[in-house]
Amino acid sequence: MTERFSFELKATDGKARTGVINTPRGEIRTPAFMPVGTAATVKAMMPESVRATGADILLGNTYHLMLRPTAERIDRLGGLHKFMNWDRPILTDSGGFQVMSLAGLRKLTEKGVTFKSHIDGSKHELTPERSMEIQKLLGSDIVMCFDECPALPADRDRIAESMRLSMRWAARSKEAFGDRPGHALFGIQQGGLEADFREESAEALKEIGFDGYAVGGLAVGEGQEAMFGCLDHAPDHLPKDKPRYLMGVGKPDDIVGAVARGIDMMDCVLPSRSGRTGQVFTRRGVVNIKNARHADDPRPLDEACSCPACSNYSRAYLHHVYRSNEMISGMLLTWHNLHYFQEIMQGMRDAIGAGTFEDWQAEFHAQRAQG
Ligand SMILES: CNc1nc2cc3c(cc2[nH]1)N=C(N)NC3
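These numbers come from a predicted model, not from an experiment. (Residues numbered from 1 in each chain as written. Predicted model: local features only at pLDDT ≥ 70, side-chain atom pairs only at ≥ 80, totals over all residues. Heavy atoms only, no water.)

## Remarks on the overall build of the protein
Helix and strand counts for the protein come out as 15 helices and 16 strands. Against the 2.2 N^0.38 benchmark of 21 Å for 371 residues, the protein shows a C-alpha radius of gyration of 20 Å, consistent with a compact globule. Principal axes of the C-alpha set define a box for the protein whose edges measure 60 × 45 × 45 Å. Burial statistics for the protein: of 371 residues in total, 55% are counted as buried. (Helix = DSSP H or I, 4+ residues; strand = E, 2+ residues; numbered from the N terminus. Rg over C-alpha atoms; globule rule 2.2 N^0.38 Å. Buried < 20%, exposed > 50% of the residue type's maximum accessible area, 1.4 Å probe, protein only.)

Next up, the structure:
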């Protein structure tokens, strides 16, 4: 059991990397996909099922948990790991993005942001110091800096101003985080799609010094081409010996393209949210189970998949329980999607390790083209 947080690069293939992040609560194989457990649960999944899909780490949210049930209550009950019965690593987002995307009546100052809860309208404040305090009370293993996420579209001046505020908040986050062996603090690179601002942000974060570096401000509607264009240069300015985490990504082909550009960690609600809306990801593309053409289909979703949904149920059954709005529908489709996303990650880890990532990518895209 390691007391420290460390990142070991095992192999690279082009810009792609594979390695292991060692933490006191277990290792994280990279490239890694983190299922999202926003309100202390990966929706429709038991924690042991999340682990069975191959996940080494999951994500929690400061914003949601501070509002309900509050970080103080979770701390009194033994911390987030005990509370949600997940004893492996947890990364918590810092709240900045969720305040921008969910809260009402936001007021932004140099100090931080005040806002009204989207749940009950109560007033709250988040600052770098309060976000660090909340993430410490939760007991998360990887803490994210408190950053400002600009509403888009935004002009260059607004993007620069927001990025520079986030860099000042990153320094305050580091100061407030203190020295916590076995826990990690990740900085978040900002700068929109502007190459010069991305480089300025990376330099500022390296000056402060973090255990890992996130690429923030993407997957906010810019589209895959613009995101990849930014990823063609943004990670290059980040330290090679630290994990790089792309926040909020994404669809399977987004994930593959991000790993090919040097990203080590990602998170996205897509596989779990889609599992609840009948959207199923397979190696041949997306299947919408609600479509009537599945009503009599005895085949599994994906013949090559070993998940419980594909091993034990027909498309006809999954179509039926989805149409009947039965709980087992969300459970089985979420399990399948998370299993498939982890299968993609394992495939990439193996291919990068073997130096065959180019061929693996070609096969990945060819299978989807067949449909
Ligand atoms: C779904 N897209 C997405 N882009 C993000 C970008 C950020 C984030 C979360 C995101 N999710 N959290 C932050 N603290 N900062 C940047």
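Resuming the write-up.
## Examining the site of the ligand
Taken together, 14 residues sit near the ligand, with Asp-93, Phe-97, Asp-147, Leu-218 and Ala-219 positioned nearest. Interatomic distance of 2.8 Å between a side-chain N/O atom of Asp-93 and a nitrogen atom of the ligand. Between a nitrogen atom of the ligand and a main-chain N or O atom of Ala-219, the distance comes to 2.8 Å. Burial of the ligand by the surrounding chains reaches 86%, relative to a free accessible area of 370 Å². (Near = heavy atom within 4 Å. Polar contact = N/O pair within 3.5 Å; in protein donor to acceptor, adjacent residues only side chain to side chain. Areas by Shrake-Rupley, 256 points an atom, 1.4 Å probe, with all protein chains shown as cover.)

## Section: the sheet that holds strand 4 (residues 32–34)
Strand order across the open sheet formed by 8 strands is 4-14-13-12-11-10-6-5, with parallel pairing between neighbours. Each having just a single partner strand, strand 4 and strand 5 (58–61) make up the two edges of the open sheet. Across this sheet, the average inter-strand angle for adjacent strands is 25°, counted without regard to direction. Both strand 12 (residues 212–215) and strand 13 (residues 244–246) contribute to a ladder of 3 bridges, which runs parallel. Among the inter-strand pairings, Val-215 is bridged to a residue of strand 13, identified as Leu-246. The strands touched by helix 14 (residues 327–354) within the sheet are strand 4 and strand 14 (265–267), with strand 4 carrying the most contacts at an inclination of about 160°. (Pairing = 2+ DSSP bridges. Axes fitted to C-alpha atoms, helices over the stretch in contact; angles between N-to-C directions. Contact = heavy atoms within 4.5 Å.)

## Some details on the packing of helix 6 (residues 128–138) against helix 7 (residues 156–177)
Where helix 6 contacts helix 7, the two axes come as close as 8 Å, and the packing angle between them is 45°. Taken as axis vectors, helix 6 and helix 7 run oblique relative to one another. Both helix 6 and helix 7 take part in a crossing whose hand is right-handed. Residues Pro-128, Glu-129 and Met-132 of helix 6 pack against Trp-169, Arg-172, Ser-173, Ala-176 and Phe-177 of helix 7. The residue inventory of the contact of helix 6 with helix 7, partitioned by class, reads 5 nonpolar, 1 polar and 2 charged. (Parallel < 35°, antiparallel > 145°, perpendicular 65-115°, else oblique. Left-handed = near helix turned anticlockwise from the far one by under 90°. Nonpolar A, V, L, I, M, F, W, Y, C, P; charged D, E, K, R; others polar.)

## Regarding the layout of surface pockets
Of the volumes computed, that of the largest pocket is approximately 790 Å³. For the lining of the largest pocket, the secondary-structure elements that each account for two or more residues are strand 5, helix 2 (62–67), helix 5 (96–102) and helix 11 (270–276). For the lining of the largest pocket, the element with the highest residue contribution is helix 5, accounting for 4 residues. Classifying every residue of the lining of the largest pocket gives 17 nonpolar, 11 polar and 7 charged. (1 Å grid on protein atoms, 1.4 Å probe; cavity = no way out; pocket = protein on both sides within 12 Å on 5 of 7 lines; lining within 4 Å. Points joined across faces, edges and corners; volume = space filled by probe spheres on them.)

## Remarks on the nonpolar core
Core analysis: the largest hydrophobic core is formed by 74 residues, its most contacted members being Phe-115, Leu-231, Leu-246, Met-266, Met-348 and Phe-357. Core analysis: the second largest hydrophobic core is formed by 19 residues, Ile-28, Ala-184, Ala-214 and Met-265 among them. (Core = buried A, V, L, I, M, F, W, Y, C linked by side-chain atoms within 4.5 Å.)

## Quick notes on the pairing of strand 1 (residues 6–13)
As defined by bridge partners, strand 1 adjoins strand 2 (residues 16–23) across 7 bridges and the pair is classed as antiparallel. Bridge pairing links Phe-7 to Ile-21 in strand 2.

## As for helix 13 (residues 315–323)
Among the residues of helix 13, Arg-315, Ala-316, Leu-318, His-319 and Val-321 are the ones counted as buried. Buried positions along helix 13 lie against strand 16 (285–288) and helix 14. Asn-325 sits one or two positions beyond helix 13 and adopts a positive phi of about 55°.

## Some points on the packing of helix 10 (residues 252–260) against helix 14
As a packed pair, helix 10 and helix 14 sit with axes 11 Å apart at the nearest point and diverge in direction by 25°. Considering the angle they form, helix 10 stands roughly parallel to helix 14. Both helix 10 and helix 14 take part in a crossing whose hand is right-handed. The residues of helix 14 that touch helix 10, namely those facing Pro-252, Ile-255, Val-256 and Val-259, are Tyr-340, Phe-341, Ile-344, Met-345, Met-348 and Ile-352.

## Some details on the sheet that holds strand 3 (residues 26–30)
Sheet architecture is open: 3 strands sit in the order 1-2-3, paired in antiparallel fashion. Each edge of the open sheet is held by one strand with a lone partner, namely strand 1 and strand 3. Here the average twist between neighbouring strands, direction ignored, is 10°. In terms of strand pairing, strand 2 meets strand 3 through 5 bridges, oriented antiparallel. Considered in strand 3, the bridge of Asn-22 is made with Glu-27.

## So, the pattern of salt bridges
The final tally for this structure, using the stated rule, is 21 salt bridges. Among the ionic pairs, Glu-148 bridges to Arg-158, the shortest N-O distance being 3.4 Å. In this pair, Glu-148 sits in the loop between strand 10 (142–144) and helix 7 while Arg-158 sits in helix 7, placing the two residues 10 residues apart along the sequence. Given the relative accessible area of 28%, Arg-158 is considered partly exposed. Asp-254 is paired through a salt bridge with Lys-251; the nearest N and O atoms lie 3.1 Å apart. Residue class for Asp-254 comes out buried when judged on its relative accessible area of 8%. (Salt bridge = Lys/Arg side-chain N within 4 Å of Asp/Glu carboxyl O.)

## Quick look at the side chain of Asp-13
The residue Asp-13 is located in strand 1 in this model. One buried charged residue, Asp-13, remains without a salt bridge, the closest side chain of opposite sign being Arg-17 at 12 Å. At a separation of 2.9 Å, a polar atom in the side chain of Asp-13 contacts the main-chain amide nitrogen of Phe-357. Not counting the four nearest positions on each side in its chain, Asp-13 is found in contact with Ala-351, Ile-352, Gly-355, Thr-356 and Phe-357. (Lys, Arg positive; Asp, Glu negative; His and termini not counted.)

Don't take any of this as a statement about function, it's just geometry.
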